[in-house]
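# Per-entry structural report
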Amino acid sequence: MKKITTFWNYFQKNEQEIINAFFLGINTEEIYSQFINKLNYISKRIGFEITKPSNNQDKCTIIFTGYGYRKLFPKIIALEEQAPPLEYFTAQAFIKPLEDITKYKNGTDSPCICENYEIKISEIQMALMDYNINTKQIKINIYLPYYNEIKQYKDLKSNLDWIVMQIVGEIAFRKHIKHIQLNQLPQSTNGLLSLVELPDLIDYLYKINSRKKTILI
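Residues numbered from 1 in each chain as written. Predicted model: local features only at pLDDT ≥ 70, side-chain atom pairs only at ≥ 80, totals over all residues. Heavy atoms only, no water.

### What about the overall build of the protein chain?
Just so we agree on the cut-off: Put simply, DSSP H or I for four residues or longer makes a helix, DSSP E for two residues or longer makes a strand, and each gets a number counted from the N terminus. We call a residue buried when its accessible area falls under 20% of the maximum for its residue type, exposed when it is over 50%, and partly exposed in between, using a 1.4 Å probe and counting protein chains only. Reported accessibility uses the Shrake-Rupley method at a 1.4 Å probe radius. Residues are deemed covered only where the shown protein chains occlude them. Only four residue types enter the charge count: Lys and Arg as positive, Asp and Glu as negative, with His and the chain ends excluded. Positions of charges follow a simple convention, taking NZ of Lys, CZ of Arg, CG of Asp or CD of Glu.
A count of helices and strands for the protein chain gives 9 helices and 9 strands. Dimensions of the protein chain along its principal axes, counting C-alpha atoms only, are 55 × 50 × 35 Å. Out of the 217 residues belonging to the protein chain, those deemed buried represent 43%. Surface summary for the protein chain: the accessible area is close to 13,000 Å², and the carbon and sulfur share equals 49%. If you average the places of the 27 positive and of the 23 negative side-chain charges in the protein chain, the two averages end up 11 Å apart.

Next comes the structure, spelled out in structure tokens:
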């Protein structure tokens, strides 16, 4: 795709400036504006996230996402496949599911900083509302400790969708999540699951459904 080639030509030529803008705060506004304009040329609905190098790599990762919007998947994949050799970055298609949830289980995770509030993923609880056997999609209730105080914020739902997407991964989010209902965390949390257990719940429901089909056959 010519538009993707144009984007990567710009990116490769300006890697140092992009690193400086996002991590050192140098000329950030101008570089960010240029970057978004180039990405919007491919699609205005494609988003991105830049992560710092992990312990086992020496490059930043630029993650391209369509927020689960299926029609963007070919372009997201092409962005990864057509990425040229880069000095400071590796390219990744889609938000991948969490691999290590230790800090969320023991409550040592840092809060997600939103515009008007903070949310710790380890404090979010959930419960299954409904599971459609045919579509393999679920509806879930999500329980937040301070929902009554922050429910008026318009970005709350989109931020929670983003958190869920980062936990289960973009592909699974699109495939399995039908509806998310936000609620105040009750005093008694008996029967509730930690939100980071959602991938295990989806896997369990999928396997149960598959076994039932095998028995019927």
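### Quick notes on the environment of Trp 8
Definition in use: The contact rule is simple, with two residues in contact once any of their heavy atoms fall within 4.5 Å.
Within the secondary structure, Trp 8 is located in helix H1 (residues 2-13). Overall, Trp 8 belongs to the buried group, its relative accessible area being 2%. For Trp 8 and Leu 79, which are 71 residues apart along the polypeptide, the C-alpha to C-alpha distance reads 8.4 Å. With sequence-adjacent residues up to four places away left out, Trp 8 is seen in contact with Ile 62, Phe 64, Leu 79, Gln 82, Ala 83, Pro 84, Leu 86 and Ala 91.

### A few points about the environment of Tyr 10
Counting through the fold element by element, Tyr 10 comes out in helix H1. It is 12 Å that separates the C-alpha atoms of Tyr 10 and Ile 36, two residues lying 26 residues apart in sequence. Setting aside chain neighbours within four positions, we find Tyr 10 in contact with Ile 18, Ile 31, Gln 34, Phe 35 and Lys 38.

### Regarding unusual backbone geometry
Unlike most non-glycine residues, Tyr 67 shows phi in positive territory, near 55°. Structurally, Tyr 67 can be placed in the loop between strand S2 (60-65) and helix H4 (73-81). Given a relative accessible area of 43%, Tyr 67 falls into the partly exposed group.

### Focus: the nonpolar core
The following threshold applies: What is meant by a nonpolar core is a set of buried Ala, Val, Leu, Ile, Met, Phe, Trp, Tyr and Cys residues, joined one to another through side-chain atoms within 4.5 Å.
Core analysis: the biggest nonpolar cluster contains 35 residues, and Ile 142, Leu 156, Leu 195 and Leu 198 have the highest contact counts within it. Counting residues per element, the ones that place at least two in this core are strand S6 (125-132), strand S7 (137-144), helix H6 (147-150), helix H7 (156-168), helix H8 (170-176), strand S8 (177-184) and helix H9 (198-216). By residue number, the principal contributor to this core is H7, which donates 7 residues. In this view, Leu 198 contacts Met 126, Ile 138, Ile 140, Val 164, Val 168 and Ile 177; residues no more than four positions away in its chain are not counted. Core analysis: the second largest hydrophobic core is formed by 28 residues, Trp 8, Ile 36, Phe 48 and Phe 89 among them.

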